[in-house]
Amino acid sequence: MSRTGSNWQTTISKPVSYEGPGLHTGKPARVTLLPASPGLGVCFERWDLSEPQTVPAVPGNIGGSRRATDLECNGIAVRTVEHIMAAILWSDVDNIIVRLEGEELPLGDGSALTYVHLLQQAGLCDLHARRCEASVIRPVWTSQGDRHLIALPYERTRVTFLFLRKGPNSESGYLGSEYFDIEVTPKTFREEIAPARTIGFQWEIRTIREQGLALGATLRQAVIVGENGYVGPTRFPDEACRHKALDLLGDIAILGRIRGHFIGIGSGHSMNQELTRLIARDWKVKRGV
Ligand SMILES: [Zn+2]
């Protein structure tokens, strides 16, 4: 899983499965990863419906954002795809079928590590097709108030993130910030990014659950941010910021393998989705589509 720089497309060597509740729905789902042919990319399949339905991971299928990224095709949704998307790309897998019996991907341990381990268990195999790697071709950005997300041309893949820890209400202002910057490779992804768990703000937990979200998360699967810092043990001193970097990588993984420097300042899923659409639009313009 660490053959960086290979020119050949890959898939996994054998099917593997995992079962667990989804982050938001709390409903159990079974996911089975299967080998796929060259050029397929990442393709989700819903197998809990009367007939199996396919949902390819492409920018045109990005659905709504409710604190996660969903894919949608012909009215069929696959929810909370970001952690598995990041794990697939940065485990060096180009082509894979993600068969899901359920609507939402299992949360696992709240990070991308569950899927990294599952892919390691499946093993990698080369396919007889050249790998394609796209690049950010000009600066692209999106802003919402004081939150910004920028993509710049860069010869490798790099993520820089500034996590702004805002308080429970407008009077409490900023409680602090975290900064994280890394060149992303399969090794740095596995060791420095993948283990960072989903973020929960202590003051939001009840409201989010009343909205019917985060029903599948326990305190072990989340790093809880309180008014005076983290509540409970953490895996990294800046775990929340690293998870934001993970979410960003998972959302832009819908573009496939991509070189660029991605800089997030307080940004989240809806901005990641917007940036993904803007980059995809740039490519279409360049190709004259
Ligand atoms: Zn996440």
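What counts as what
- Residues numbered from 1 in each chain as written.
- Predicted model: local features only at pLDDT ≥ 70, side-chain atom pairs only at ≥ 80, totals over all residues.
- Heavy atoms only, no water.
- Domains from an automatic or database assignment.
- Contact = heavy atoms within 4.5 Å.
- Buried area = accessible area lost by both parts, 1.4 Å probe.
- Salt bridge = Lys/Arg side-chain N within 4 Å of Asp/Glu carboxyl O.
- Polar contact = N/O pair within 3.5 Å; in protein donor to acceptor, adjacent residues only side chain to side chain.
- Helix = DSSP H or I, 4+ residues; strand = E, 2+ residues; numbered from the N terminus.
- Nonpolar A, V, L, I, M, F, W, Y, C, P; charged D, E, K, R; others polar.
- Pairing = 2+ DSSP bridges.
- Axes fitted to C-alpha atoms, helices over the stretch in contact; angles between N-to-C directions.

Chemist: Is there a simple way to explain the domain arrangement of the protein chain in this structure?
Modeler: Interfaces are often described in size by the accessible area the parts lose on coming together. Each assigned domain of the protein chain is listed with its residue range as follows: domain 1 (8–130) and domain 2 (134–287). Placing a centre on the C-alpha atoms of domain 1 and another on those of domain 2 gives a separation of 20 Å. Counting residues at the interface gives 38 residues for domain 1 and 40 residues for domain 2. With both sides pooled, the region where domain 1 packs onto domain 2 buries about 3100 Å², and carbon together with sulfur makes up 62% of that total. The tally of links between domain 1 and domain 2 comes to 4 salt bridges. For D92, the salt bridge identified is with R257, shortest N-O distance 3.6 Å. On the surface where domain 1 and domain 2 come into contact, there are 13 residue pairs in polar contact (both at pLDDT 80 or more). Broken down by secondary-structure element, the contributors of at least two residues to the side of domain 1 that touches domain 2 are β6 (62–65), β7 (69–73), α1 (82–90) and α2 (113–122). Its residues placed into classes, the side of domain 1 that touches domain 2 shows 18 nonpolar, 13 polar and 7 charged.

Chemist: Help me understand the sheet that holds strand β17 (residues 222–226), please; the structure alone is not making it clear to me.
Modeler: Two pairing modes exist for strands in a sheet, parallel and antiparallel, and in both the strands are linked by backbone hydrogen bonds. With respect to topology, 3 strands assemble into an open sheet ordered β16-β17-β18, the strand pairing being mixed. Strands at the two margins of the open sheet, each flanked by one partner only, are β16 (198–201) and β18 (229–231). Neighbouring strand axes in the sheet, compared pairwise and without regard to direction, differ in orientation by 40 degrees on average. Note: β17 against β18, 3 bridges, orientation antiparallel. Of the residues in β18, the one forming a bridge with V225 is Y230. Running over the sheet, helix α5 (residues 239–252) touches β16, β17 and β18 and is turned about 125 degrees from β16.

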